[in-house]
Amino acid sequence: MNLELLGLLASFVLIIGLGARRVPLLFAVLAGSSLLAATSGRPFLANLEVAAVALTDPTTLELALIVALVTLLARMIKDFGILEPFVASLATVLGSTRLALTVVPAIIGAMPVQGGAIISAPFVGSLGSSLSPERRSAVNLVFRHAWYLVFPYIPPLLLASRLAGVPIQHLIIYTLPVTAAILGVAYLTLLGRDGLPVPEFCHDRVKEIKRLLRLSSPILVSILLFLVLGIPLPLTLLLGLAIAWHIGQKPPGTGIEWLMRAPDYRMALTMMAIMIYRHLLAATATLSVAFSALMEAGVPYMALSVVVPLVVGFSTGDMTAAVGISVAILVPLMPATSGALPYVALLYVLSFSFYFVSPVHMCQVFSNKFFGANHWAVFSQYWPALASGLGIAFIIFFLVG
């Protein structure tokens, strides 16, 4: 085994190992990239040039900007007192506890924060007080995360789109039926068999709907302008930020300094680090040679497409890592007969699924601890929904891809 191939495999193992030990993904990817560069056989300056090209790539810069703006918007919605009244208004307007239990975790799930299920857990606990702890945790997890497959602001979905060079709107078309399957089965299996309390009666529905639209406008306007009119995402996010600033109750001392501190810069830098790793992989000819050798030895490409997301997603519990490594490694090597969009969609769903069930997935840890539920007992509640989504993803791939 030559040094370049050994370094490539070692970098892969290093990223997974550091991630499993809860080392921030930014540092894990940078460590893996450094090892990959050191064993590439290229001069130091040549590797620096590859990194510089990656960092100045317009795709990299746009991705980092979007992630910074998304995390700033999430922070505004939470800190400016928009989130809690929005959730209360939504439950009242819906007039159904079952619908509220499906929508509230999804709305809070739009905020890309580590372990964000702990934010939605109290609402789910209150609305679903008649459910078992395992059922409440499963509801909190599934209805929060199913939207990761289609919500255009979710960093891993943005990353998959940019790494593979496919429009995010087109990618969502392939993942939307998967989300529908997960939500439909979850609704039937998790909420269809138990009596739930009736929410407070809404005396002035028109007034409450107007309040709801106002509170949801920072996200709703941004999404509609992007998906319907095709306005660039950074611009729609800036408009969403302006709306949140206008309608929110700003804490004392909120100003330019707060705006500079609020974005999650580590997440944005992580996206840039993954793009460096991707460019270093692209400059490594050994990768394609190694995978070609595996396939010539009889290992199906589809098997590799399952194993890589499985290993990374399950061992790290980090969806960004699972998507970033899987797409960066496997998409450039996919058979010429495969269509990029259905294959990227399948990889994304596989990465999501193995990340979702991981016992070190922070949302699983926080949610199960909050409700006092066992990890595998919760898994027994939601596995039919997850399995249905995987089944739909494979059907779409084999029909279209």
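Placed above this text is the structure.
Heads up: these notes are all about the structure in this document. (Residues numbered from 1 in each chain as written. Predicted model: local features only at pLDDT ≥ 70, side-chain atom pairs only at ≥ 80, totals over all residues. Heavy atoms only, no water.)

A short note on empty space enclosed by the protein
(1) Moving on: The final tally for this structure, using the stated rule, is four cavities of 30 Å³ or more.
(2) Moving on: For the second largest cavity, the full set of lining residues is Tyr174, Thr175, Val178, Pro342, Ala345, Leu346, Val349, Ala393, Ile396 and Phe397.
(3) Moving on: Elements supplying a minimum of two residues to the lining of the second largest cavity: helix H10 (168-190), helix H18 (340-357) and helix H20 (375-400).
(4) Moving on: For the lining of the second largest cavity, the leading source of residues is H18, giving four residues.
(5) Moving on: Each residue belonging to the lining of the second largest cavity can be placed in one class, and the counts come to nine nonpolar, one polar and no charged. (1 Å grid on protein atoms, 1.4 Å probe; cavity = no way out; pocket = protein on both sides within 12 Å on 5 of 7 lines; lining within 4 Å. Points joined across faces, edges and corners; volume = space filled by probe spheres on them. Helix = DSSP H or I, 4+ residues; strand = E, 2+ residues; numbered from the N terminus. Nonpolar A, V, L, I, M, F, W, Y, C, P; charged D, E, K, R; others polar.)

Examining the side chain of Gln364
(1) Moving on: Along the polypeptide, Gln364 turns up in helix H19 (residues 362-371).
(2) Moving on: A distance of 2.9 Å separates the side chain of Gln364 from the side chain of Tyr382, its partner in a polar contact.
(3) Moving on: Apart from the residues within four sequence positions on either side, Gln364 is in contact with Leu141, Phe356, Val357, Ser358, His375 and Tyr382. (Polar contact = N/O pair within 3.5 Å; in protein donor to acceptor, adjacent residues only side chain to side chain. Contact = heavy atoms within 4.5 Å.)

With respect to the packing of aromatic side chains
(1) Moving on: The tally for this structure, following the rule as stated, stands at 10 aromatic pairs.
(2) Moving on: When the ring of Tyr343 is compared with that of Phe397, the centres are 6.2 Å apart and the planes differ by 55°; the resulting orientation is tilted. Note that Tyr343 is positioned in helix H18 and Phe397 in helix H20, a separation of 54 residues in sequence.
(3) Moving on: Owing to a relative accessible area of 1%, Tyr343 belongs among the buried residues under this scheme.
(4) Moving on: Look at Phe397 and you get buried, because its relative accessible area is 8%.
(5) Moving on: On the basis of an interplanar angle of 20° and a centroid distance of 6.2 Å, the ring pair of Phe394 and Phe398 is categorised as stacked. (Phe/Tyr/Trp six-rings, centres within 6.5 Å; stacked < 30°, edge-to-face > 60°. Buried < 20%, exposed > 50% of the residue type's maximum accessible area, 1.4 Å probe, protein only.)

Section: the nonpolar core
(1) Moving on: In terms of nonpolar packing, the biggest core is built from 133 residues, with Phe352 and Phe356 touching the most fellow members.
(2) Moving on: The greatest single-element share of this core, amounting to 14 residues, is contributed by H18.
(3) Moving on: Ignoring sequence-local partners within four residues, the contact set of Phe356 consists of Leu141, Val142, His145, His361, Gln364, Tyr382 and Leu386. (Core = buried A, V, L, I, M, F, W, Y, C linked by side-chain atoms within 4.5 Å.)

Examining the environment of Phe352
(1) Moving on: Its place among the elements puts Phe352 in helix H18.
(2) Moving on: Remark: the alpha-carbon pair of Phe352 and Tyr148, spanning 204 residues in sequence, is separated by 8.1 Å.

Some thoughts on the side chain of Thr270
(1) Moving on: On the secondary structure map, Thr270 appears in helix H14 (residues 265-282).
(2) Moving on: In this structure the side chain of Thr270 is engaged in a polar contact, spanning 2.7 Å, whose partner is the backbone oxygen of Arg266.

A few points about helix H11 (residues 205-227)
(1) Moving on: Between the first and last C-alpha of H11 there are merely 28 Å, a value that for 23 residues lags more than 12% behind the 33 Å anticipated at 1.5 Å per step.
(2) Moving on: For H11, the principal kink sits at Ser217 and spans about 70°; a proline, Pro218, occurs within the next four residues.
(3) Moving on: Taken residue by residue, H11 has Glu208, Leu212, Leu215, Ser216, Ser217, Pro218, Ser222, Ile223 and Phe226 as its buried positions.
(4) Moving on: Taken together, the buried residues of H11 touch helix H4 (58-79), helix H5 (83-94), H10 and helix H12 (233-247). (Expected span 1.5 Å × (residues − 1). Bend = angle between axes of the 7 residues up to and from the residue.)

Let's talk about the layout of surface pockets
(1) Moving on: Roughly 500 Å³ of internal volume is contained in the second largest pocket.
(2) Moving on: Ile107, Phe151, Ile219, Leu220 and Ile223 are the residues nearest the centre of the second largest pocket, which is lined by 24 residues in total.
(3) Moving on: Going through the elements one at a time, H5, helix H6 (97-109) and H11 are the ones with two or more residues in the lining of the second largest pocket.
(4) Moving on: When residues in the lining of the second largest pocket are grouped by element, the largest group, nine residues, is from H11.
(5) Moving on: A class-by-class count of the residues in the lining of the second largest pocket yields 23 nonpolar, one polar and no charged.

Quick look at the packing of helix H3 (residues 44-56) against H14
(1) Moving on: Interhelical geometry of H3 versus H14 gives an angle of 130° and a closest axis separation of 8 Å. Classed by the angle they form, the pair H3 and H14 counts as oblique. The hand of the H3/H14 crossing is right-handed. Residues Asn47, Val50, Ala51, Val53, Ala54 and Leu55 of H3 form the contact with H14, whose own contacting residues are Met272, Met275, Ile276, His279 and Leu280. (Axes fitted to C-alpha atoms, helices over the stretch in contact; angles between N-to-C directions. Parallel < 35°, antiparallel > 145°, perpendicular 65-115°, else oblique. Left-handed = near helix turned anticlockwise from the far one by under 90°.)

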